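Single-letter residue listing:
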Amino acid sequence: MSETDSHTLDTVILDTATRLFADLSTSETINAAEKGEWPSALWQAIEASGLHLTWVPEECGGAGAGMLDGFAVLKAAGAAALPVPLAETLLAGWLLAQAGLEVPEGPLTIARGEHRITNGAVTGVALAVPHARSARQIVALARDGARVLVVAVPASACVLTPDRNLAGEPWDSVDFNGAMATLSAAAPAGLDADSLDAMGALVRVNQAAGALGTALELAIQYAGEREQFGRPIGKFQAIQHMIADLAGEAAAVNAAADAAAEAVAATGTVDADAWVEIATAKVRLGQAASVGPAIAHQVHGAMGFTYEHRLHHFTRRAWAWRDEFGNETVWARRLGDAVLGWGADQLWHRITAVTDK
Amino acid sequence: MSSSRFRFPRVTMPDAARALRQEVREFLAAERASGGFVPMADCWASGFSAEFSRKLGQRGWLGMTWPRQYGGHERSFLERYVVTEEMLAAGAPVMAHWIADRQSGTQMLRHASAEVKNRALPRMAAGQTFCAIGMSEPNTGSDLASVRTRADKVAGGWKVNGRKIWSTGAHGEGCDYMISLVRTAPADEKARHQGLSQLIIDLKAPGVTVRGIEDIGGQVHFNETLFEDVFVPESHLLGKEGHGWSLVVGELALERSGPERFLSSFIALREAMQVLAANPDDRTREVLGHLVARIKTLRRMSLGIAGLLQEGKSPETEAALVKDMATRFERELIEQLRVVLPEAVLLSSSGVLPRLMREAILRVPSSTLRGGTNEVLKGMIVRQLGLR
Ligand SMILES: Cc1cc2nc3c(=O)[nH]c(=O)nc-3n(C[C@H](O)[C@H](O)[C@H](O)COP(=O)(O)OP(=O)(O)OC[C@H]3O[C@@H](n4cnc5c(N)ncnc54)[C@H](O)[C@@H]3O)c2cc1C
């Protein structure tokens, strides 16, 4: 029935998150985190606020907030370049809750792929597990014969090889190495490594949408302040037009992120329709995260190329996130396959079906 | 920090719009099957068929949002959106009525005298009268306030002298009116936006000469229109004398906000898929994935604008942003298809797809010009961002 229903977002949750991040995710904290210092005050404040349980239903020990609230928090987290695994904890919480598991304490993370579990012992290796060294538990999918289980393994029981992503965030490889799962339960039908990847991709799209939004704000601000040839550089049309393009890219990613978030929120899972929206959003991010940061840096001149200036907190994250959980090439091929499957005659029908439910 | 500067709210089609979509699809399928039209690229700017427009008028698909009193159908913006996007996706010949339905009629509804509304709007909604846009002049393009066409006050109205150019479809059968931006008071360099008015000029009136201009594809698409002592009655003034600038800004918002800015060449993609499905390599898959992702995102944004209009907002900057991005995408669409289509398609001129590709390639430079160039649109965007 409805025409233009703005989401049923809980603004209190988003406001809490935005305020908390503004206070505690400062440039100093982000830089210190990159040097290896765990931002404990920030994480404690997050746990105290319950933001990390946004996607966990009450029966699994969570806050019982909506999926859309979680995506909004993720955008805010990206906009603040949050240097703690809130996104990963949300994703892990969602995955555990899918299997009806109670969500354990502390920061969590996700290992992609499908691992193996035999008599409770998990084996397998996952590369580039975000914040693995800071996580208390690593949540993953593991196969036991024909069954796929959601499992949680204490990070301390795994063999970690430290590495970092482009943004300098911990990005470790994890060898489960036969560690015993502390939690395990059957994954519901339809939940597999692909749908977990899709959910991870959407998490990254939302964070990156936030990061690009901040890169835009910084560019607008800098263009208004920096003077050359006797006037603010923002008065030069070349600069104005670049910023207009950046605004467009940020708006497009935000729109694609919202469309996908709403599709996921409709069922709480990644069904076939939501998958298409996620593929769309991750492909769109690929473009925006290439064009957008390039513009932001161009506008900022050499100052924006320094470690001291905080622009890189956002551009480097956008660059890292566009590649995680499948980059635009991977997702475009998958989406292209799906489109070929629809066929020419169904192409337009599928495009319009999104709004015609 | 604000997470996003521009808002594109989610739109879900109401039941009525969904039912309407079904009806429109059935109509279009039957028309295409019976040879009622052949699909064209950029159909809203090159597919002229007065007969087709009348058929749409009979079905109540023109002037959809206007009051019944003036031949309209009092339907929602979203229902109108459905009809327009279905027409575009099918490549249907909708050029004849496009301007009247999209902007001139609505502009008259908002600002014209009762006499004009009673006379013109029902005929427009029936697809019997069409309109042209009279903004540009030989020396006036992006700098629209510089128009020189003069309207001098005479008994009962104005006497108009000057020249309009690039007016799409002004030569077409049934194109009766041109909403023209004219000077009703001399230009003052310090107040350039004052002294302008919008007049409805009857293109069949004495003193009007319409001369067709061929475009790069050899089509007579647009025109030069000469006004020599053309009498325009007082009842043909839109709004108030001297308020032409704010009126034309409103008209441009109508012109810029629709789905034609990203769907002009969709029909080429649809037809290309038949060929590409035969032997898709990775590159083809990738291109299709990219194109569909872009289209889906643009549609989300474009519909967001319709949603904002429905909420009673005036999303002019949002429309400029989407038009800028969408029209650049139209160029990419056709270029990306080109590089994955078999040579046989590109080197041939017979068959539906080869024709669509050629049409689309030749039409595409106009996408980023008509309705305000992308450079002008970017100017609007940065003004909203506080940089101008
Ligand atoms: C197919 C087609 C149909 C059209 N139909 C109509 C119609 O029905 N009615 C009508 O009135 N007009 C119509 N137009 C005209 C259209 O609105 C103009 O082409 C457009 O506004 C640009 O004006 P111009 O062509 O004079 O270019 P110019 O304004 O001379 O611009 C030339 C180039 O300079 C750039 N430029 C100009 N000023 C600036 C600036 N300040 N900063 C940066 N760059 C700038 C422009 O962006 C453009 O790239 C049509 C045009 C086309 C191509």
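**Student:** Summarise the site of the ligand; cite the residues concerned and give the values.
**Tutor:** Lining the immediate surroundings of the ligand are 17 residues, of which B:Ser136, B:Ser142, B:Trp166, B:Thr373 and B:Glu375 lie closest. Neighbouring residues of the ligand are not confined to one chain but are distributed across chains A and B. Within the contact set of the ligand, a nitrogen atom lies 2.8 Å away from a side-chain nitrogen or oxygen of A:Gln237. Contact with the protein chains hides 65% of the accessible area of the ligand, taken as 960 Å² for the molecule alone. Of the domains in this structure, domain 2 (133–245) and domain 3 (248–384) of chain B are the two that each give at least three residues to the shell around the ligand.

**Student:** Explain the interface of chain B and chain A residue by residue, including any values.
**Tutor:** Facing the 58 residues of chain B at the interface are 60 residues of chain A. With both chains or domains summed, chain B and chain A bury close to 5400 Å², and 63% of this area falls on carbon and sulfur atoms. Scanning the region where chain B abuts chain A turns up ten salt bridges. The partner of A:Asp245 in a salt bridge is B:Lys378, with the nearest N and O atoms 2.5 Å apart. For the interface between chain B and chain A, the tally reads 18 residue pairs in polar contact (both at pLDDT 80 or more). Looking at which element gives the most residues to the side of chain B that touches chain A, the answer is helix 10 (residues 282–310) of chain B, with 17 residues. For the side of chain B that touches chain A, the class distribution of residues is 27 nonpolar, ten polar and 21 charged.

**Student:** Before we move on, can you summarise the pattern of salt bridges with the specific residues and values?
**Tutor:** One pass over the full model with this rule turns up 53 salt bridges over all chains. Its salt-bridge partner being B:Arg299, residue B:Glu85 comes within 2.8 Å of it at the nearest N-O pair. Highlighted residues: B:Glu85 in helix 4 (residues 77–90) and B:Arg299 in helix 10, separated in sequence by 214 residues. Residue B:Glu85 shares its accessibility class with B:Arg299, and that shared class is buried. Each of A:Asp356, B:Arg21, B:Arg25, B:Glu85, B:Glu86 and B:Arg299 takes part in a single network of salt bridges with overlapping partners.

**Student:** I'd like to hear about the nonpolar core, residue by residue, with values.
**Tutor:** Formed by 183 residues in total, the largest nonpolar core has its most connected members in A:Phe21, A:Ile46, A:Val150, A:Ile243, B:Met87, B:Leu269 and B:Leu337. Counting residues per element, this core draws most heavily on helix 6 (residues 193–225) of chain A, which supplies 18 residues. Residues in contact with B:Leu269, not counting those within four places in the same chain, are A:Leu347, B:Leu288, B:Leu291, B:Ile295, B:Leu333 and B:Leu337. Counting residues in each nonpolar core, the second largest holds 26 residues, with B:Leu144, B:Ile200, B:Leu238 and B:Leu252 among its members.

**Student:** Tell me about helix 9 (residues 311–323) of chain A, and name the residues and values.
**Tutor:** Residue and element names in this part refer to chain A. For helix 9, built from 13 residues, the straight-helix expectation of 18 Å at 1.5 Å per residue is met to within 8% by its first-to-last C-alpha distance of 19 Å. With eleven of 13 residues buried, helix 9 is to be regarded as a mostly interior element. Buried within helix 9 are the following residues: Leu 311, His 312, His 313, Phe 314, Thr 315, Arg 316, Arg 317, Ala 318, Ala 320, Trp 321 and Arg 322. On its buried side, helix 9 packs onto helix 2 (27–34), helix 4 (67–79), helix 6, helix 8 (272–300) and helix 10 (328–342). Just downstream of helix 9, Phe 325 is the residue with a positive phi angle, here 55°.

**Student:** Can you break down the domain arrangement of chain A residue by residue, with the values?
**Tutor:** Residues and elements named next belong to chain A. Taken domain by domain, chain A holds domain 1 (3–186) and domain 2 (193–352). Inter-centroid distance (C-alpha atoms) of domain 1 to domain 2 is 22 Å. Each partner contributes to the interface: domain 1 provides 36 residues, whereas domain 2 provides 36 residues. Of the roughly 3100 Å² buried where domain 1 meets domain 2, counting both sides, 63% is carbon and sulfur surface. If you sort the residues of domain 1 by the area they bury against domain 2, Phe 71, Lys 75 and Arg 112 come out on top, with a joint share of 21%.

**Student:** Tell me about the domain arrangement of chain B, and name the residues and values.
**Tutor:** All names here are of chain B. Its domain assignment divides chain B into domain 1 (3–129), domain 2 (133–245) and domain 3 (248–384). Each of domain 2 and domain 3 has a C-alpha centre, and these two points are 30 Å apart. Tallying the contact residues gives 14 residues for domain 2 and ten residues for domain 3. The contact between domain 2 and domain 3 buries some 910 Å² in all, and 59% of this surface belongs to carbon and sulfur atoms.

**Student:** Lay out the pairing of strand 2 (residues 150–154) of chain B with the relevant residues and their values.
**Tutor:** Residues and elements named next belong to chain B. In terms of strand pairing, strand 2 meets strand 3 (residues 157–165) through five bridges, oriented antiparallel. Within strand 3, the residue paired with Val 154 across the bridge is Gly 157. Hairpin connection, strand 2 to strand 3: the antiparallel pair is bridged by two residues, and Gly 156 has positive phi, about 80°.

**Student:** Provide a residue-level description of the sheet that holds strand 5 (residues 147–154) of chain A, including the pertinent values.
**Tutor:** All names here are of chain A. Across the sheet, which stays open at both edges, the six strands sit in the order 8-2-1-4-5-9 with mixed pairing between neighbours. The sheet is open, and its two borders are formed by strand 8 (179–180) and strand 9 (183–186), each paired with just one other strand. Helix 5 (residues 86–98) rests against strand 1 (108–118), strand 4 (137–144), strand 5 and strand 9 of the sheet, and its axis sits at about 40° to strand 1. Helix 6 rests against strand 1 and strand 4 of the sheet, and its axis sits at about 175° to strand 1.

**Student:** How would you sum up helix 13 (residues 352–367) of chain B? Please name residues and give values.
**Tutor:** Residues lying three or four places apart along an α-helix face the same way, a consequence of the helix completing one turn every 3.6 residues. Residues and elements named next belong to chain B. Relative to the 22 Å expected for 16 residues at 1.5 Å per residue, helix 13 spans 22 Å between its end C-alpha atoms, a close match to the ideal helical length. In helix 13, a bend of some 30° at Ile 361 exceeds every other bend along the element, and Pro 365, a proline, comes one to four places later. Listed in full, the buried residues belonging to helix 13 are Leu 353, Pro 354, Leu 356, Met 357, Glu 359, Ala 360, Arg 363, Val 364, Ser 366 and Ser 367. Residues of helix 13 that are buried in the fold lie against helix 2 (43–46), strand 7 (220–233), helix 9 (266–276), helix 11 (316–340) and helix 12 (343–346).

What counts and how
- Residues numbered from 1 in each chain as written.
- Chains lettered and ligands numbered in written order.
- Predicted model: local features only at pLDDT ≥ 70, side-chain atom pairs only at ≥ 80, totals over all residues.
- Heavy atoms only, no water.
- Near = heavy atom within 4 Å.
- Polar contact = N/O pair within 3.5 Å; in protein donor to acceptor, adjacent residues only side chain to side chain.
- Areas by Shrake-Rupley, 256 points an atom, 1.4 Å probe, with all protein chains shown as cover.
- Domains from an automatic or database assignment.
- Contact = heavy atoms within 4.5 Å.
- Buried area = accessible area lost by both parts, 1.4 Å probe.
- Salt bridge = Lys/Arg side-chain N within 4 Å of Asp/Glu carboxyl O.
- Helix = DSSP H or I, 4+ residues; strand = E, 2+ residues; numbered from the N terminus.
- Nonpolar A, V, L, I, M, F, W, Y, C, P; charged D, E, K, R; others polar.
- Buried < 20%, exposed > 50% of the residue type's maximum accessible area, 1.4 Å probe, protein only.
- Core = buried A, V, L, I, M, F, W, Y, C linked by side-chain atoms within 4.5 Å.
- Expected span 1.5 Å × (residues − 1).
- Pairing = 2+ DSSP bridges.
- Axes fitted to C-alpha atoms, helices over the stretch in contact; angles between N-to-C directions.
- Bend = angle between axes of the 7 residues up to and from the residue.

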